Amino acid sequence: AGCGVTAGIKPAVLAAARRRLRISVIDRYLEPDEVAGLFQAADLIAMPYAKLCRSPILDLAAAFRKPVLRTARVEATRFEEGLHGLTVEHGDSSAFAATLASLAHAPAHLRAMRRALARGPDFTTEAALLAATHARIYERALADRADRRLPSLPGVRPAIAGR
């Protein structure tokens, strides 16, 4: 899912892949209330990113107990290779395709990763950790923004709602 997600993929290649795998392509960014349905329906989350990013999608995938196939450009706070998924070097589309094909031909490997993920924290715990992390990020962003707008007074720190 994402705007222009299939840019650069030849239609014939995508058609051939769809004959072998169930592939969903949503060529737009998802609304927040659509995300859970996508994660529930997926067997694997593919993240063939070329740009460096730190994505909450990895945390959501862990919460939903879905393995991830990612490039090394997708950074994670917590990602155990082979448990949370598999990583290939960015820019190596052949390796990404070969790994995806390997997983498609060996669904037992995906099931084993899902079972391993199921031994971790439950969905409620994972989702609460993710929400708390994002709340802290937004709180810091609001505080930083408020600090930049207000004149600096010795010993005075702007108050943020909820603190």
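Conventions adopted
- Residues numbered from 1 in each chain as written.
- Predicted model: local features only at pLDDT ≥ 70, side-chain atom pairs only at ≥ 80, totals over all residues.
- Heavy atoms only, no water.
- Helix = DSSP H or I, 4+ residues; strand = E, 2+ residues; numbered from the N terminus.
- Buried < 20%, exposed > 50% of the residue type's maximum accessible area, 1.4 Å probe, protein only.
- Contact = heavy atoms within 4.5 Å.
- Areas by Shrake-Rupley, 256 points an atom, 1.4 Å probe, with all protein chains shown as cover.
- Lys, Arg positive; Asp, Glu negative; His and termini not counted.
- Charge placed at Lys NZ, Arg CZ, Asp CG, Glu CD.
- Pairing = 2+ DSSP bridges.
- Axes fitted to C-alpha atoms, helices over the stretch in contact; angles between N-to-C directions.
- Expected span 1.5 Å × (residues − 1).
- Arc of directions from axis to C-beta.

**Student:** I tried to follow the overall build of the chain on my own but got confused; where do I start?
**Tutor:** Broken down by element type, the chain carries six helices and five strands. Its helices and strands in sequence order give the chain the pattern α-α-β-β-α-β-β-β-α-α-α, from N to C terminus. Each of the three principal axes of the chain carries a C-alpha extent, and together these read 65 × 35 × 30 Å. Considering the chain as a whole, with its 163 residues, one finds that 24% of them fall into the buried category. Within the chain, counting contacts between residues at least 6 apart in sequence, those at least 24 apart form 41% of the total. Roughly 10,900 Å² of accessible area belongs to the chain as shown, and the carbon and sulfur atoms make up 58% of that amount. Mean positive and mean negative side-chain charge positions of the chain (24 and 16 charges, respectively) differ by 3 Å.

**Student:** In this structure, what is going on with the sheet that holds strand S5 (residues 85-88)? I would like to understand it.
**Tutor:** Pairing between the strands of a sheet is mediated by backbone hydrogen bonds and can be parallel or antiparallel. Spatially, three strands are ordered S1-S3-S5 in an open sheet, and the strand pairing comes out parallel. At either end of the open sheet lies a strand with only one pairing partner, and these are strand S1 (45-47) and S5. Averaged over all neighbouring strand pairs, the angle between strand axes comes to 10°, with direction disregarded. Across three bridges, S1 lies against strand S3 (residues 68-71) in parallel orientation. Bridge assignment links methionine 47 to a residue of S3, and that residue is arginine 70.

**Student:** What's the story with helix H4 (residues 93-105) in this structure? I'm lost.
**Tutor:** Since there are 3.6 residues in each turn of an α-helix, residues three or four apart along the chain are aligned in direction. Here H4 contains 13 residues, and its C-alpha end-to-end distance of 18 Å stays within 8% of the 18 Å for a straight helix at 1.5 Å per residue. Among all positions of H4, only Phe96, Thr99 and Leu103 are buried. Viewed end-on, H4 has its buried residues packed into an arc of 70°, placing them on one side of the element. Among the exposed residues of H4, those oriented more than 90 degrees off its buried face are Ser93, Ser94 and His105. Those residues of H4 that are buried are in contact with S1, S3, S5 and helix H5 (107-118).

**Student:** What am I meant to see in the environment of tyrosine 29 here?
**Tutor:** Assignment of secondary structure puts tyrosine 29 in the loop between helix H1 (11-20) and helix H2 (32-41). The sequence separation of tyrosine 29 and glycine 2 amounts to 27 residues, and the corresponding C-alpha distance is 4.3 Å. For tyrosine 29, the contacting residues outside a window of four places in its chain are Gly2 and Cys3.

**Student:** Please clarify how the environment of leucine 38 should be interpreted in this entry.
**Tutor:** With respect to the helices and strands, leucine 38 occurs in helix H2. In this structure the C-alpha to C-alpha distance between leucine 38 and proline 48, which are 10 residues apart in sequence, comes to 17 Å. Among residues more than four places away in sequence, those in contact with leucine 38 are Ala1, Ile26 and Leu30.

**Student:** Would you mind going over the side chain of threonine 99 with me for this structure?
**Tutor:** Within the secondary structure, threonine 99 sits in helix H4. For threonine 99, a relative accessible area of 19% puts it in the buried group. Residues in contact with threonine 99, not counting those within four places in the same chain, are Leu69, Leu86 and Val88.

**Student:** Looking at this structure, how should I read unusual backbone geometry?
**Tutor:** A negative phi angle is the norm for most residues apart from glycine, just as the trans form is the norm for most peptide bonds. Although it is not a glycine, arginine 65 adopts a positive phi angle of roughly 60°. With respect to the element layout, arginine 65 can be found in the loop between helix H3 (57-63) and S3. Classification of arginine 65 by relative accessible area gives partly exposed; the value is 24%.

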